[in-house]
Amino acid sequence: MTKILVTGGAGFIGFHVSKALVARGDEVVIVDNFNDYYDVGLKEARAKELFGATIIRADISDYKTMNKIFETHSFDKVCHLAAQAGVRYSVTNPFVYERSNILGTLNLLELCRNHGVKDFVFASSSSVYGNNKKLPFSEDDRVDNPISLYAATKKSNEEMAYVYHQLYNLNCTGLRFFTVYGPYGRPDMALFLFTKAIIEGQEVAVFNNGEMARDFTYISDIVSGVLAAIDKPFGFEIFNLARGESIRLLDFISEIEKNFGVLANKKFLPIQLGDVSKTSADISKAKKLLGYNPKTSISVGVKQFIDWYKSFYKVV
Ligand SMILES: NC(=O)c1ccc[n+]([C@@H]2O[C@H](COP(=O)([O-])OP(=O)(O)OC[C@H]3O[C@@H](n4cnc5c(N)ncnc54)[C@H](O)[C@@H]3O)[C@@H](O)[C@H]2O)c1
């Protein structure tokens, strides 16, 4: 039985990854600090669903505590998904990104090195591409023009992992996720915000006057990519994990409107600091090396989310 540490296991992606790992018979230990960046009740609800996983409440920036966890459990692999996420929040709260994303990741790399854990899979982000003009974004593109501190921490995580691969032979795989959505999704992200606003009859804030596009990726497709990366260590690789199709924000909102049979009350606003206007991924590398094959269309994915939202929040 493979014993896997999943950091951020009470988070959106970590929860779904942990559930899938438990379901296929892996032994899963989760570390999460259940911070209140968004509704802690949602993190608790996810944790409650994780039958069979060991849940440890700890902070990855606390080396001593993390070292005890590594001493107690002999991990075979680490899947590092804990982070302070969110581009916009990094404008007002930069230091938490330094602590959780830089120090937290360094701690995990050091712990893998010191405890002989060879395989390290970690979350990076599409935001490392910044405002790159060339589309779709490919792993070979230069990523030295980040436009948010969040993006800078993710880029630096990739470089830190590269160093640990070079110096200590750790197998490190970095996954650049593109706008992940689905049941149990993050309350600070577009689909959740739009759905909530429509249900509550509130205005829907549409940034950059609607001139935005995202490569929206359904959670089960992301999970299959993460599991493939866990199962297949390379020396050091970076992969885009996306659907491979950019959708205009207004078309995405239309899809939500269709499900409710109403038109959203849209409020058009300028672009926010740190936000990029368009993301679009070349996923050929993940297809070739990981056998990654995203299957979920926007219409199916949005419906799954809205069905979950209505049942979770008991909306009729
Ligand atoms: N969701 C997306 O669209 C997306 C896109 C690109 C990258 N990512 C990255 O994927 C990973 C997972 O994202 P998510 O959407 O599930 O976010 P999330 O916020 O739902 O999950 C992150 C989890 O990490 C935990 N955490 C944060 N700081 C911690 C710390 N110092 N110690 C212990 N636990 C801590 C949080 O409590 C949370 O449960 C993150 O690294 C994020 O940056 C996500």
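As a reminder, the structure under discussion sits directly above these lines.
Residues numbered from 1 in each chain as written. Predicted model: local features only at pLDDT ≥ 70, side-chain atom pairs only at ≥ 80, totals over all residues.

The next thing to look at is the overall build of the protein chain. A count of helical and extended segments in the protein chain gives eleven helices and 13 strands. Taken over C-alpha atoms, the radius of gyration comes to 19 Å for the protein chain, in line with the 20 Å a tight globule of 316 residues would show. Projected onto the principal axes, the alpha-carbon positions of the protein chain cover approximately 55 × 40 × 40 Å. (Helix = DSSP H or I, 4+ residues; strand = E, 2+ residues; numbered from the N terminus. Rg over C-alpha atoms; globule rule 2.2 N^0.38 Å.)

Packing of helix α1 (residues 12-23) against helix α8 (residues 219-231) leaves a shortest axis separation of 9 Å and a crossing angle of 60°. As for how α1 packs across α8, the hand of that crossing is right-handed. Here Ile13, His16, Val17 and Ala20 of α1 lie close against α8, whose contacting residues are Ile219, Ile222, Val223, Val226 and Leu227. The class makeup of the residues in the contact of α1 with α8 is eight nonpolar, one polar and no charged. (Axes fitted to C-alpha atoms, helices over the stretch in contact; angles between N-to-C directions. Left-handed = near helix turned anticlockwise from the far one by under 90°. Contact = placed C-beta atoms within 7 Å. Nonpolar A, V, L, I, M, F, W, Y, C, P; charged D, E, K, R; others polar.)

Between helix α3 (residues 63-72) and helix α5 (residues 94-115), whose axes approach to 10 Å, the crossing angle comes to 35°. The two elements α3 and α5 meet at a crossing, and its hand is right-handed. For the pair α3 and α5, contact is made by Tyr63, Met66, Asn67 and Phe70 and by Asn107, Leu111 and His115, respectively. Here the contact of α3 with α5 is composed, by residue class, of four nonpolar, three polar and no charged.

What follows deals with the site of the ligand. If you check the shell around the ligand, you find 29 residues, and the closest are Gly8, Gly11, Phe12, Ala83 and Ala123. Within the residue set of the shell around the ligand, elements represented by two or more residues are α1, β2 (27-32), α5 and β5 (119-125). With three residues, the single largest contributor to the shell around the ligand is α1. (Near = placed C-beta within 6 Å.)

Grouped together as the largest cluster of nonpolar side chains are 85 residues, with contacts concentrated most on Cys79, Phe120, Val226 and Leu241. Not counting residues up to four positions away in its chain, the partners in contact with Cys79 are Ile4, Val6, Val17, Val121, Val226 and Ile230. (Core = buried A, V, L, I, M, F, W, Y, C linked by C-beta atoms within 7 Å. Buried ≥ 20, exposed ≤ 12 C-beta atoms within 10 Å, placed from the backbone.)

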